[in-house]
Amino acid sequence: MIDPAIASETARRRTFAIISHPDAGKTTLTEKLLLYGGAIGLAGSVTANKRQRDTSSDWMELEKKRGISISSTVLQFDFDGFRLNLLDTPGHKDFSEDTYRVLMAVDAVVMVIDAGKGIETQTRKLFEICRKRGIPIFTFMNKLDRPSRPLLGLMDELENVLNLKAYPINWPLGSGPDFKGVYDRGLKQVHMFERLAKGAYRAPVSVHDLNDPFVKDNLHESVYKEFIEELEILDATQGTFDLKQVLTGKQTPVFFGSAANNFGVELLLKGFLEYSTGPSPRNSLNGLVPVAHPHFSAFVFKVQTNMNPMHRDKVVFVRICSGKFMRNIVVKHARTGEDIKLSDSHNIFGRDREIVNEAYPGDIVGFVTKNDLKIGDTITEDPNIVYGEIPRFAPESFAFLENAVPSGYKAFRKGMDHLLAENIVQAFQLKTPKNSMPLLGAVGPLQYEVLQYRLKDEYGAESNLNPMPWKILRWVESHSEFQLLPILPSGAGLAIDDQERQVMLFPTDWSLKYFKELHPTVVLLDSPSVIIPRYN
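Residues numbered from 1 in each chain as written. Predicted model: local features only at pLDDT ≥ 70, side-chain atom pairs only at ≥ 80, totals over all residues. Heavy atoms only, no water.

**Q** Is there a simple way to think about the packing of aromatic side chains in this case?
**A** Aromatic ring pairs are defined here through the distance separating the ring centres and the angle between the ring planes. Under the counting rule described, the total for this entry stands at 14 aromatic pairs. Geometrically, the ring pair formed by Tyr409 and Phe412 is tilted, given 6.4 Å between the ring centres and 40 degrees between the ring planes. Here the residue Tyr409 and the residue Phe412 both occupy positions in helix 11 (residues 409–420), the gap between them amounting to three residues, near one helical turn. Each residue in the set Phe16, Phe138 and Phe272 is aromatic and connected to the rest through ring pairs, giving one cluster. Just above the ring of Tyr167 sits the side chain of Arg185; from NZ or CZ to the centre is 4.8 Å. (Phe/Tyr/Trp six-rings, centres within 6.5 Å; stacked < 30°, edge-to-face > 60°. Helix = DSSP H or I, 4+ residues; strand = E, 2+ residues; numbered from the N terminus. Lys NZ or Arg CZ within 6 Å of the ring centre and 35° of its normal.)

Right under this line is the structure:
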């Protein structure tokens with residue numbers, strides 16, 4: 001039976017993430033969306049003058065020192081009757097696994113591209129994750145206040161490099177110092193912006209007809225002429241806007257602007273709300289679960305310890321998929337079969353917390369808990385609902401982390417236990433060559449730096465990193481350790497993950513390919529199969 005109250009609240013939810021290559025302006029755009037959404041009154045930026053306040057999304061000390069996003073944060077705000085859940089993801093190239101997990105919890109993404117550089121490596125990697133899930137993608141061509149690449153060339157790059165149909169919703173009037181506004185192709189209106197110092201407040205804007213003398217008078221003659229020519233080319237070559245294609249991730253609406261100067265940010269926000277949809281049904285291991293299902297269900301996509309260092313607490317972030325959450329609700333932990341009372345529930349805004357008494361599908365809620373909740377776990381009122389939303393991604397860097405000071409072993413061990421629960425890095429038990437220490441696997445070396453920094457900063461534990469030569473990990477399907485030992489190639493390793501699944505470690509692509517040629521019956525996976533909960 002469909003609950004109309006749940007359906008109504010769900011329909012106004014929008015849950016999305018921002019993805020980009022490092023330095024494309026993702027964190028700045030996050031701040032400006034919060035500014036235009038009314039969640040903050042003054043925008044800060046990690047690249048701004050140090051006398052300005054810190055950004056709301058980058059709250060960890062290491063993030064402030066580096067000026068990059070490392071941990072994902074959840075920012076919730078209301079705008080035009082909608083409830084937005086914005087998941088701000090890590091942008092550094094070495095810290096993408098947390099980003100991958102966050103992408104499992106959203107219904108759409110905003111892809112930020114530096115108009116002066118075009119599509120870069122990390123953008124392409126994150127885009128492929130979105131493509132596999134069919135996530136709707138909204139593109140924001142950023143930094144038009146600086147000299148950009150040819151604009152029509154950027155459209156071609158979207159289509160040729162990403163194989164993604166691009167439809168410009170608006171089009172910029174100039175770039176660099178000549179960037180004065182954007183033209184809304186649907187409403188046929190020119191939005192002329194006025195620059196403000198440091199972009200701390202909303203940019204004043206005036207709206208004009210394209211033939212208004214004000215528009216032409218405020219642009220260089222050559223800029224205006226080029227703009228008109230580009231519009232004619234777009235109308236002749238870009239085809240039509242297809243919302244169905246957008247919602248299946250095959251066409252991307254493209255918006256232009258400068259997040260630093262607040263140009264085009266409000267148009268992006270309004271366009272996103274116009275063309276996106278609310279949360280959709282999620283697949284469980286027992287079939288599709290509608291969002292208006294009468295029973296509450298959610299899955300864990302992030303665990304963060306020590307968000308409040310004074311209390312050494314653990315916050316578990318869940319994406320609500322169905323039903324209505326009510327504070328103090330009792331749910332089933334699908335992996336263990338235990339009953340859990342969800343009482344300490346919060347909206348998390350950077351370090352700030354607000355008690356949540358109720359929430360709906362699409363919402364992201366953080367729970368302060370001591371329960372054994374891990375990334376990928378399902379919590380539900382209906383034991384038949386078990387999600388397999390969070391895949392495990394293969395690490396590309398491996399190392400052992402050792403306690404550096406014998407007298408500090410207790411703090412080191414405690415810190416490792418807490419931080420490994422966050423999945424900052426993955427932990428494996430090496431079977432051959434034998435080693436009693438857990439082998440750590442990460443997408444990139446920065447994850448080890450974060451782990452060591454937090455061990456020292458939060459637990460006072462010094463550590464030494466011992467890198468290992470393996471570069472590739474694959475999960476093994478349906479083979480025992482005994483069967484694999486005789487065929488293990490030179491330089492390779494054999495281990496198990498935290499769910500007792502067999503993995504093989506290879507030093508090079510060549511060694512992996514050679515092994516597969518010699519042993520075609522051994523099925524190797526770059527992401528493991530979903531584990532069915534044990535208690536069932």
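There is more to say after this.
**Q** When you look at the sheet that holds strand 9 (residues 189–193) in this model, what are you seeing that I'm missing?
**A** Each strand in a sheet pairs with its neighbour through backbone hydrogen bonds, running either in the same direction (parallel) or in the opposite one (antiparallel). The strand order across the open sheet built from four strands is 7-8-9-10, with neighbouring strands paired in antiparallel fashion. If you trace the sheet from one side to the other, it starts and ends with strand 7 (170–173) and strand 10 (205–208), each paired once. Between one strand axis and the next, the sheet turns by 25 degrees as a mean value, whatever way the strands run. Across four bridges, strand 9 lies against strand 10 in antiparallel orientation. Note on strand 10: the bridge partner recorded for Phe193 is Val205. (Pairing = 2+ DSSP bridges. Axes fitted to C-alpha atoms, helices over the stretch in contact; angles between N-to-C directions.)

**Q** Where do I start with the pairing of strand 18 (residues 339–342) in this structure?
**A** The side chains of a regular strand alternate, first on one face of the sheet and then on the other. Of the two faces of strand 18, only one is covered, namely that formed by Ile340 and Leu342; the face formed by Asp339 and Lys341 stays uncovered. As defined by bridge partners, strand 17 (residues 329–333) adjoins strand 18 across four bridges and the pair is classed as antiparallel. Along strand 18, the bridge assignment pairs Val331 with Ile340. Where strand 17 folds back onto strand 18 in an antiparallel hairpin, the turn is made up of five residues, including Gly337, whose phi is positive at roughly 85 degrees. (Buried < 20%, exposed > 50% of the residue type's maximum accessible area, 1.4 Å probe, protein only.)

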